[in-house]
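# Analysis of the macromolecular model
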Amino acid sequence: MIDINFGYAELEYFLLILVRVTCFVYISPFFSMPNTPRRVRIALSLFISFIISRNIPHVAVEYNTLEGYAVVIAKEAICGFLIGFGAYLCMSVISFAGRIIDMETGMMMASVMDPTTQEQTSISGVFYNYAITLILLITGMYQFLLSALAESFILIPVNGAIFKMDALLTAMLVFLRDYLIIGFRIALPIFISITLLNAILGILAKVSPQMNMFAVGMQMKVLVGFTVIFVTIGLMPIAANFIFDEMKRVVTMMVHVMT
């Protein structure tokens, strides 16, 4: 049977755990999708918080006033937000690669509403976003995110977060470097193909100036772009591995900058 008896101190401790978990669920990939009902996200946060509170050692949280308790809540909120934000940043690489692809293929003007972010984004970005999210579910990457959240309570006890701004700045700079590298890796096949196509069209424009290469080039870029996406769709798991490895590294760095 489940023992539901608890004291006032245990309730305060559970609420602190709930704050960190809720902020994580609010910002982390897959869990924070806007089309997920709010009641489901609230219920998921309560369920995860209950399991974590029953399986981690409780530590004494020292505060004397209501303002002190509010400071502890703010620290827990920032802690959960940073852990989820690290994973969210890695998923934003997909949108960056999609914008590069659409800019090269001439589909940048055809923007659509991304239901996962509620923002106008490129067609290729939405396609790659859904594909990577599906691979995230199939490979069980969401289990790593939940495990990282649970282990953060061991490495960073409640009210034990120490924010190292220098280490956080260094981690963000390293991520921005990898952000560009991974984004160009995903868009590299199409980038190379369109570059070769532009070179060929430039040569044809010099050979036969009477041809309207602008009209021909726009259609050729779209055709070549869709063809390369279709041919390289088998490389999607490799691109997902780049993103997931970066996600693991960034989430780990976010935890370490608070220990």
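Figured I'd write up the structure that's included with this text. (Residues numbered from 1 in each chain as written. Predicted model: local features only at pLDDT ≥ 70, side-chain atom pairs only at ≥ 80, totals over all residues. Heavy atoms only, no water.)

### Section: the packing of aromatic side chains
All told, the structure shown has 6 aromatic pairs when counted by the stated rule. Judged by centre distance (6.4 Å) and plane angle (25°), the rings of phenylalanine 85 and tyrosine 88 are stacked. Of this pair, phenylalanine 85 and tyrosine 88 both sit in helix α3 (residues 66-105), 3 residues apart, which is roughly one turn of that helix. Residue placement shows arginine 20 over the ring face of phenylalanine 153; its charged tip is 4.1 Å from the ring centre. Its end group placed over the ring of phenylalanine 144, lysine 248 keeps NZ or CZ at 5.8 Å from the ring centre. (Phe/Tyr/Trp six-rings, centres within 6.5 Å; stacked < 30°, edge-to-face > 60°. Helix = DSSP H or I, 4+ residues; strand = E, 2+ residues; numbered from the N terminus. Lys NZ or Arg CZ within 6 Å of the ring centre and 35° of its normal.)

### Brief notes about the environment of isoleucine 154
Mapping isoleucine 154 onto the fold places it in helix α5 (residues 141-155). Taking the relative accessible area as the measure of exposure, isoleucine 154 reaches 58% and is therefore exposed. Separated by 98 residues in sequence, isoleucine 154 and isoleucine 56 have C-alpha atoms that sit 7.1 Å apart. (Buried < 20%, exposed > 50% of the residue type's maximum accessible area, 1.4 Å probe, protein only.)

### Here's the deal with the nonpolar core
Residues Ile243, Phe244 and Met247 are the most contacted members of the largest nonpolar core, which totals 67 residues. Where this core is concerned, the elements lending two or more residues are α1 (8-27), α2 (38-55), α3, α4 (123-138), α5, α6 (165-207), α7 (213-231) and α8 (236-256). Not counting the four nearest positions on each side in its chain, phenylalanine 244 is found in contact with Ile132, Ile135, Leu136, Thr139 and Met141. (Core = buried A, V, L, I, M, F, W, Y, C linked by side-chain atoms within 4.5 Å. Contact = heavy atoms within 4.5 Å.)

In short, geometric facts, not functional conclusions.
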